[in-house]
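# Topology and contacts: notes
As a plain string of letters, each chain reads:
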Amino acid sequence: MKQYHVAVIAGDGIGPEVLTEGRKVLRAVAQLAGTFSVSFTEFPWGCEYYLKTGCMMEEDGMEKLKGFDAIYLGAVGYPDVPDHVSLGGLLLKIRRGFDEYINLRPVHLLEGAPCPLKDVAREDIDMIVVRENSEGEYANVGARLYQGTPEEIALQTGVFSRRGTERVIRYAYDLARREKKTLTSISKGNALGYSMVFWDEIFREVGEDYPDVETHSYLVDAASMFFVKDPKRFEVVVTSNLFGDILTDLGAAIAGGMGLAAGANLNPERRFPSMFEPIHGSAPDIAGQGLANPLAAIWSISQMLDFWEERVWAKKILCAMERLLVEKNTLTPDLGGTARTTDVGDAVVRLLEESV
Ligand code: NAD
Ligand code: IPM
Ligand code: MN
């Protein structure tokens, strides 16, 4: 029997609450499938750990994570620790250190999920955003100059390498070809005359190898407008790190909210473990009260199964989530219900059991 070993970094705020439900679902799936087993190893890293030790993870933390089949992450960041310290020391360190250069974020309106847009059919919101996840504005190259003087300057440089840009764009073309979908590049060459002009050039160059893929290019400001006004224009989307970050919160807003938005940080070559997480943060405003919606964390379990090529079960989880959303009687407050975080995990497990 196949065995999958999952490293769990529950992290801060609602992270532990939502991951408990995701683990519950994965455990149930393994039992129902009967063809694989899962084990979980917990790592107590995050802001509390930082306040005790001065580090966000153990010194040899990356070494410890290396052998796992997946990393399951809750959320990182809490008011007592500066965000650039907490995120840089854990989440971004893992994305970078394990060369998880693809961030796959579905923006897909499940049946029954609420949508704030008027005149939009459910099928109109069905895209997958491929966000560059290793460089760009997140390379964190920059400087603070002339500190404490009126001439003070902060520089933050976007780093776009040919290798880094080409590989994410090629990944997106391959995905669009496989899924027989259109591919849209979202950039900003009209203002960012180095990085984004380079991006657009590479998008065109790589496209020569994919004459069968229909392509579109949008400026990010116009794309944001069309995400809201006419989301059916977008199928597979490829974009830079920062634009992808922003666009996928907008995507979450049109596809049921932050409680439903999942993301996979992939190292497609499988040289290092990939990491699966809800795209929301630690939500300090609702943490510790059983109010958090765990569906995003559960969706990221579906992405994990997909990455392991356990596609039938990946799909079954999404179907169970859809049934839950349609039934409407076990939803958390963000979706208009009164259910608690744990009720939602229990209900997804029950629906999965009923589906076999
Ligand atoms: P956030 O996503 O934590 O919260 C934004 C809003 O969405 C809040 O009102 C919150 O209650 C709501 N929300 C988020 N997830 C929800 C869920 N599952 N169910 C119901 N409501 C939910 O964003 P923020 O407030 O900007 O950030 C809080 C902290 O999290 C910061 O430290 C930030 O840096 C960090 N953060 C971490 C990650 C990550 O670890 N991947 C992602 C985003 C933000
Ligand atoms: C996300 C988050 C992170 C990002 C932050 C917390 C560093 O917003 O995963 O979307 O910007 O990538
Ligand atoms: Mn984000």
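Note that the coordinates shown come from a computational prediction; the quantities given were computed from them, not determined experimentally.

### Digging into the overall build of the chain
Along the chain, the regular secondary structure elements total 12 helices and 12 strands. Against the 2.2 N^0.38 benchmark of 21 Å for 356 residues, the chain shows a C-alpha radius of gyration of 20 Å, consistent with a compact globule. A principal-axis box enclosing the C-alpha atoms of the chain has dimensions of 55 × 50 × 40 Å. A burial count over the chain gives 47% of its 356 residues as buried. Residue pairs at least 24 apart in sequence account for 76% of intrachain contacts in the chain once pairs closer than 6 positions are excluded.

### Brief notes about the packing of helix α10 (residues 295-307) against helix α11 (residues 311-327)
Axis separation between α10 and α11 bottoms out at 7 Å; the angle between their running directions is 160 degrees. Comparing their axes, α11 and α10 come out roughly antiparallel. In the crossing of α10 with α11, the sense of the turn from one axis to the other is left-handed. Along its contact with α10, which presents Leu 295, Ile 298, Trp 299, Ile 301, Ser 302, Leu 305 and Asp 306, the element α11 presents Arg 311, Trp 313, Ala 314, Ile 317, Leu 318 and Met 321.

### Here's the deal with the nonpolar core
Ile 71, Val 130, Ala 172, Ile 298, Met 321 and Val 348 are the most contacted members of the largest nonpolar core, which has 99 residues in total. Of all the elements, α10 adds the most residues to this core, at 8 residues. If sequence neighbours within four positions are ignored, Val 348 has contacts with Val 25, Ile 298, Ala 320, Met 321 and Leu 324.

### Thoughts on the packing of helix α1 (residues 15-33) against helix α12 (residues 341-354)
Taken N-terminus to C-terminus, the directions of α1 and α12 make an angle of 15 degrees; their axes are 9 Å apart at the nearest point. With respect to α12, the element α1 is oriented roughly parallel. Between α1 and α12 lies a crossing of right-handed hand. Contact residues: α1 offers Glu 17, Val 18, Glu 21, Lys 24, Val 25, Ala 28, Val 29 and Leu 32, while α12 offers Thr 341, Thr 342, Val 344, Gly 345, Val 348, Val 349, Leu 352 and Glu 353. Partitioned by chemical class, the residues of the contact of α1 with α12 number 9 nonpolar, 3 polar and 4 charged.

### Observations regarding the pairing of strand β9 (residues 215-219)
Relative to β9, strand β8 (residues 183-187) is paired through 5 bridges, and the arrangement is parallel. Paired with Ser 187 across the strands is Leu 219, a residue of β9. Crossover handedness for the path β8 to helix α7 (residues 195-207) to β9: right-handed.

### Examining the sheet that holds strand β4 (residues 102-108)
An order of β2-β1-β3-β12-β11-β4-β5-β10-β8-β9 is seen for the 10 strands of this open sheet, with the pairing classed as mixed. Bordering the open sheet on either side are β2 (36-42) and β9, each of which pairs with just one other strand. For this sheet, the mean angle separating the axes of adjacent strands, direction not counted, is 25 degrees. Here strand β1 (residues 2-11) runs beside strand β3 (residues 70-75); their pairing, made up of 5 bridges, is parallel. By the bridge assignment for β3, Val 6 is matched with Ala 70. Against the sheet, helix α6 (residues 162-179) engages β4, β5 (126-132), β8 and β10 (236-239), with an angle of about 180 degrees to β10. The strands touched by α10 within the sheet are β3, β4, β11 (262-266) and β12 (275-278), with β11 carrying the most contacts at an inclination of about 35 degrees.

### A short note on the site of ligand 1
Around ligand 1, a shell composed of 22 residues is seen, among which Gly 77, Gly 259, His 280, Gly 281 and Asn 293 lie nearest. For the shell around ligand 1, a count of residues per class yields 12 nonpolar, 6 polar and 4 charged.

### Comments concerning α1
Given a rise of 1.5 Å per residue, 19 residues ought to cover 27 Å, and the 27 Å separating the end C-alpha atoms of α1 matches this to within 8%. Along α1, the residues that are buried comprise Gly 15, Pro 16, Glu 17, Val 18, Leu 19, Glu 21, Gly 22, Arg 23, Val 25, Leu 26, Val 29 and Ala 30. Where α1 terminates, the next one or two residues include Gly 34, which has phi positive at roughly 70 degrees.

### Description of the UniProt feature "domain: Isopropylmalate dehydrogenase-like" (unreviewed entry) in the chain
Taken from the UniProt record, the annotation "domain: Isopropylmalate dehydrogenase-like" (unreviewed entry) applies to residues 5-348. With 40% helix and 22% strand, residues 5-348 has end C-alpha atoms that lie 22 Å from one another.

### Regarding unusual backbone geometry
Phi at Arg 270 is positive, roughly 60 degrees, even though this residue is not glycine. Mapped onto the secondary structure, Arg 270 falls in the loop between β11 and β12. The phi dihedral of Glu 309 falls on the positive side, at around 65 degrees, and the residue is not glycine. Counting through the fold element by element, Glu 309 comes out in the loop between α10 and α11.

### A look at the environment of Lys 180
Its location among the elements puts Lys 180 in the loop between α6 and β8. Given 10 C-beta atoms within a 10 Å radius, Lys 180 is considered exposed. Placed 134 residues apart in sequence, Lys 180 and Ala 314 show a C-alpha to C-alpha distance of 20 Å.

Conventions used here
- Residues numbered from 1 in each chain as written.
- Chains lettered and ligands numbered in written order.
- Predicted model: local features only at pLDDT ≥ 70, side-chain atom pairs only at ≥ 80, totals over all residues.
- Helix = DSSP H or I, 4+ residues; strand = E, 2+ residues; numbered from the N terminus.
- Rg over C-alpha atoms; globule rule 2.2 N^0.38 Å.
- Buried ≥ 20, exposed ≤ 12 C-beta atoms within 10 Å, placed from the backbone.
- Contact = placed C-beta atoms within 7 Å.
- Axes fitted to C-alpha atoms, helices over the stretch in contact; angles between N-to-C directions.
- Parallel < 35°, antiparallel > 145°, perpendicular 65-115°, else oblique.
- Left-handed = near helix turned anticlockwise from the far one by under 90°.
- Core = buried A, V, L, I, M, F, W, Y, C linked by C-beta atoms within 7 Å.
- Nonpolar A, V, L, I, M, F, W, Y, C, P; charged D, E, K, R; others polar.
- Pairing = 2+ DSSP bridges.
- Right-handed = clockwise from strand over helix to strand, strands pointing away.
- Near = placed C-beta within 6 Å.
- Expected span 1.5 Å × (residues − 1).
- UniProt positions renumbered as here; feature names shortened; annotations may be inferred.

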